[in-house]
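Observations on the three-dimensional arrangement
Listed here are the chains, written in short residue letters.
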Amino acid sequence: MEEYTKIQYRVENKIARITLNVPENRNALGTVLRAEIVTALKAAERDNDVSVVLIDGAGPVFCAGYDLKGYSVPEGGYISEQHFDTWSDQYARNCVKDWLTIWDLMKPVVAKVQGACLAGGTELMSLCDIVFAADNAKIGYPATRGMSSPDTSFFPWKMGMARAKYLQLTGGVISGKQAAEWGWIVKSFPADQLDAEVEKEVAALASVPVDLLAVNKGALNENYEMMGFKNGLQMGVHWHMVSMARVRPTAGTFQKVAAEKGLKGALEWRDGAFKDIDYKGN
């Protein structure tokens, strides 16, 4: 059995449960947390007692995104051998590789989203096969306003063109209920009913023979791959690289403001113009 420090992992009634367990950091996706998620996914795939994987988050927030602690523009820029696994195109490539573990897994992966699910959290969520959320969850990718394009280019695959363009261009944040209405996720429930409703859903899913689940998932995925799904995600890595390597005076402003005023100040700089547009709750 693996020793995990950033997740909880357990198997009950054919369901492998992976809980992001860094609530004091809003379950931000640091490198150790991401590695443990991938390790647990592969363990669940090999386990004959597992038919379905459920990913959720401890505390009030599902996932606030990638861990931005120590986030700053490296001297000399991002495209450098010494930054292979940091905030460069190689970082984005590594994120895509991790989340494609979910896509390629021979067992369905379900996400349960409460509270905030932002930026990198939406990448993790969006690569899951089925997503349920609380009606009042806050879901979006505000980093596209002042930092970069997504590391994992999922928007064109999760909803229609008009809504995908709106969300990626504005960095808009919407509720779980609206995300379900837009087709980004499959269902939302009142927050106080989320746990019970998701338990019913995953229990029913786990009653399907595991080999039949694998065949159905594979048949669906292969169709999306023929339409260019994986190529689209890989191309998104290069656009992320371009967004991070911009030479305009505005490039790196988020990091500079964060260094001067802290992360809260940088978020206020980035999101201020959208305060009357963004998520209002339900």
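Throughout what follows, the structure given in this document is the object of discussion. Only a predicted model underlies this, so the values are computations on that prediction, with no experimental measurement involved. (Residues numbered from 1 in each chain as written. Predicted model: local features only at pLDDT ≥ 70, side-chain atom pairs only at ≥ 80, totals over all residues. Heavy atoms only, no water.)

Let's talk about unusual backbone geometry
Formally: We call a residue buried when its accessible area falls under 20% of the maximum for its residue type, exposed when it is over 50%, and partly exposed in between, using a 1.4 Å probe and counting protein chains only. Each helix is a run of H or I in the DSSP string that is no shorter than four residues. Each strand is a run of E no shorter than two, and both are numbered from the N terminus.
Backbone geometry at Arg26 places phi at a positive 55°, although glycine is not the residue there. When its relative accessible area of 42% is taken as the criterion, Arg26 is described as partly exposed. Its identity as a non-glycine residue notwithstanding, Asn27 has a phi of 55°, on the positive side. In this structure, Asn27 sits in the loop between strand S2 (15-20) and helix H1 (31-46).

Quick word on the sheet that holds strand S4 (residues 109-113)
Filter applied, for reference: For two strands to be treated as a pair, DSSP must find at least two bridges joining them. Structural elements are reduced to axes, namely lines fitted to C-alpha atoms, with helices fitted over the stretch in contact, and the angle between N-to-C directions of any two is expressed from 0 to 180 degrees.
Across the sheet, which stays open at both edges, the six strands sit in the order S1-S2-S3-S4-S6-S9 with mixed pairing between neighbours. With one partner strand each, in any of the chains shown, strand S1 (7-12) and strand S9 (187-189) form the two edges of the open sheet. Each strand axis lies, on average, 20° off the axis of its neighbour in the sheet, ignoring direction.

Quick look at the nonpolar core
To keep things clear, this is the line we draw: The definition of a nonpolar core used throughout is a set of buried Ala, Val, Leu, Ile, Met, Phe, Trp, Tyr and Cys residues joined through side-chain atoms within 4.5 Å. Contacts between residues were defined by any pair of non-hydrogen atoms, one from each residue, lying within 4.5 Å.
If you look at the biggest cluster of nonpolar residues, it comprises 75 residues, and the most contacted ones within it are Val53, Ile55 and Trp184. No other element matches helix H2 (residues 89-104), which puts eight residues into this core. For Val53, the contacting residues outside a window of four places in its chain are Ala16, Ile18, Leu41, Ala44, Leu105, Pro108, Val109 and Val110.

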